[in-house]
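Fold and contact review
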Amino acid sequence: GDSVTQTEGLVTLTEGLPVMLNCTYQTIYSNPFLFWYVQHLNESPRLLLKSFTDNKRTEHQGFHATLHKSSSSFHLQKSSAQLSDSALYYCALYTNKVVFGTGTRLQVLP
Amino acid sequence: DMKVTQMPRYLIKRMGENVLLECGQDMSHETMYWYRQDPGLGLQLIYISYDVDSNSEGDIPKGYRVSRKKREHFSLILDSAKTNQTSVYFCASSLSQGGYAEQFFGPGTRLTVL
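Just so we're clear, the structure is a prediction, and the values are computed from it rather than from any experiment. Within each chain, residues carry numbers counting from 1 in the order of the written sequence. Key to labels: chains lettered from A, ligands numbered from 1, both in the order written. Whole-chain, interface and lining totals are the exception, using all residues; otherwise, since this is a predicted model, local features are given only for residues with pLDDT of at least 70 and side-chain atom pairs are given and counted only at 80 or more. Where side-chain values are given, they derive from all heavy atoms of the structure, hydrogens and water being excluded.

1. Points about the overall build of chain A
By definition, any uninterrupted DSSP run of H or I lasting at least four residues is a helix, any uninterrupted run of E lasting at least two residues is a strand, and each is numbered from the N terminus. A count of helical and extended segments in chain A gives 0 helices and 12 strands. Along chain A, helices (α) and strands (β) appear in the sequence β-β-β-β-β-β-β-β-β-β-β-β when read from the amino end. Radius of gyration: over C-alpha atoms. The globule rule applied is 2.2 Å multiplied by the number of residues raised to the 0.38 power. What you see for chain A is a C-alpha radius of gyration of 13 Å, in line with the 13 Å of a compact globule of 110 residues. Expressed along its principal axes, the backbone C-alpha trace of chain A runs to roughly 40 × 25 × 20 Å.

So this is what it looks like as structure tokens:
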């Protein structure tokens, strides 16, 4: 079945450094939709960005991601981390149903 | 103000008791979801509802059932709750079941089963 892998459970970095959260997926479908959801402490998840177009960069709120079907990846990046970026980030895949990864907690330190 | 609501926000029950979690949305969304969130496991889909009385099992339906009699309301029922059902439960809705549809999440219900 479909699956999403987020290899890092926790990423800790210093404010101002670049962010990269990894997401890879497995599916037999050729046209998946990929999403990043963000969940701040004591809040509910909300959509950060989404894509279904191969090799096209998608940006929102300073974050960006590019869907690469050749490598089944949709990594989340930001050029400079802010303290307010500290949160739990979920990568999700939709083909005929939605599947979430296990999440990566990003901790940004001053 | 478009939103998803959940009641109650916190609930403590004893093992074997019945539990009713309620979810509402004011966006006339067709599709609604119930998830549970556990540390290290992420969001796991329990049930999905495509419209009134059109429900399908998700990945972990065992021990749960749902009811959707009005488009704006979606209930999750635990008959005879178990301690391993202690979790945070999120309801979500989306305009359609189509892949590109954004899910809007409620604030969550923290359930403790003793």
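2. Considerations on the pairing of strand β1 (residues 4-7) of chain B
Residue and element names in this part refer to chain B. Type-normalised accessible area, obtained with a 1.4 Å probe on protein chains alone, sets the label of each residue: buried when under 20%, exposed when over 50%, and partly exposed for intermediate values. Burial along β1 is one-sided: the face carrying Val4 and Gln6 is buried and the face carrying Thr5 and Met7 is not. By definition, two strands form a pair when at least two bridges between them are found by DSSP. The sheet contact formed by β1 and strand β3 (residues 19-25) spans 4 bridges and is antiparallel. The partner of Gln6 across the bridge, within β3, is Cys23.

3. Quick look at the packing of aromatic side chains
Residues and elements named next belong to chain A. Between the rings of Phe, Tyr and Trp (Trp by its six-membered ring), a pair exists once the centres lie within 6.5 Å; its type follows the angle of the planes, with under 30 degrees stacked, over 60 edge-to-face, and the other angles tilted. Per the stated rule, a full pass over the model turns up 14 aromatic pairs over all chains. Relative to Tyr37, the ring of Phe35 lies with its centre 6.2 Å away and its plane at 35°, an arrangement referred to as tilted. Residue Phe35 shares its accessibility class with Tyr37, and that shared class is buried. With a centroid separation of 5.7 Å and an interplanar angle of 45°, the aromatic rings of Phe63 and Tyr89 are classed as tilted. Here Phe63, found in strand β8 (residues 63-66), pairs with Tyr89, found in strand β10 (residues 87-94); they are 26 residues apart in sequence, far enough to count as distant. The pair formed by Phe63 and Tyr89 is uniform in burial state, with each residue classed as buried.

4. Focus: the side chain of Gln37(B)
Turning to its location among the elements, Gln37(B) is positioned in strand β4 (residues 31-38). Classification of Gln37(B) by relative accessible area gives buried; the value is 14%. Within 3.5 Å is the distance limit for a polar contact, defined as a pair of N or O atoms, with the added protein rule that one can donate a hydrogen and the other accept it, and that residues adjacent in sequence qualify only through two side-chain atoms. A polar side-chain atom of Gln37(B) sits 2.6 Å from a polar atom in the side chain of Gln39(A). Apart from the residues lying within four places of it in its own chain, the contact partners of Gln37(B) are Gln39(A), Leu88(A), Tyr90(A), Gly42(B), Leu43(B), Ser87(B), Val88(B) and Phe90(B). For this analysis, residues touch if any pair of their heavy atoms sits within 4.5 Å.

5. A look at the pattern of salt bridges
Residue and element names in this part refer to chain B. In what follows, salt bridge is the name for a side-chain nitrogen of Lys or Arg lying within 4 Å of a carboxyl oxygen of Asp or Glu. Applying the stated criterion across every chain, the model contains 7 salt bridges over all chains. For Asp79, the salt bridge is made with Arg65, and the minimal N-O distance between the two is 2.6 Å. Residue Asp79 is found in the loop between β8 (73-78) and β9 (87-94), and its partner Arg65 is found in strand β7 (residues 65-70); the two are separated by 14 residues along the sequence. Residue classification places Asp79 among the partly exposed positions, given a relative accessible area of 37%.

6. Notes on the sheet that holds strand β9 (residues 76-78) of chain A
All names here are of chain A. Here we have 4 strands laid out as an open sheet, ordered β3-β9-β8-β7, and antiparallel in their pairing. The sheet terminates laterally at β3 (19-21) and β7 (57-60), the two strands that pair on one side only. With direction set aside, neighbouring strand axes in the sheet form an average angle of 20°. Every axis in this analysis is a line fitted to C-alpha atoms, fitted for helices over the stretch in contact. Angles between the N-to-C directions lie between 0 and 180 degrees.

7. A short note on the interface of chain A and chain B
With 19 residues of chain A at the contact, the number on the chain B side is 19 residues. In this assembly, chain A packs against chain B so that about 1,600 Å² is buried in total across both faces, 56% of it on carbon and sulfur atoms. For the pair chain A and chain B, the interface holds 1 salt bridge. Note that Asp59(B) and Lys97(A) form a salt bridge whose closest N and O atoms lie 2.8 Å from each other. In terms of residue count, strand β5 (residues 33-39) of chain A provides more of the side of chain A that touches chain B than any other element does, 4 residues in total. Taken together, the residues of the side of chain A that touches chain B break down into 11 nonpolar, 5 polar and 3 charged. The term buried area means the drop in 1.4 Å probe accessible area that two parts suffer when joined, counted for both and summed. Think of it as three bins: nonpolar holds Ala, Val, Leu, Ile, Met, Phe, Trp, Tyr, Cys and Pro, charged holds Asp, Glu, Lys and Arg, and polar takes everything else, Gly as well.

8. Observations regarding the nonpolar core
Definition used in this section: a nonpolar core is a set of buried Ala, Val, Leu, Ile, Met, Phe, Trp, Tyr and Cys residues joined via side-chain atoms within 4.5 Å. Ranked by internal contacts, the top residues of the largest apolar core, which has 25 residues, are Trp36(A), Leu48(A), Leu49(A), Phe74(A), Leu76(A) and Tyr89(A). Every element with two or more residues in this core is listed here: β2 (10-14), β3, β5, β6 (46-51), β8, β10 and β12 (104-109) of chain A. The element contributing the most residues to this core is β10(A), with 4 residues. Sequence-distant contacts of Leu76(A), defined by excluding residues within four places in its chain, comprise Val19(A), Met20(A), Leu21(A), Trp36(A), Leu48(A), Leu49(A), Phe63(A), His64(A), Ala65(A) and Tyr89(A). Formed by 20 residues, the second largest nonpolar core is a distinct cluster that contains Val4(B), Cys23(B), Ala81(B) and Val113(B).

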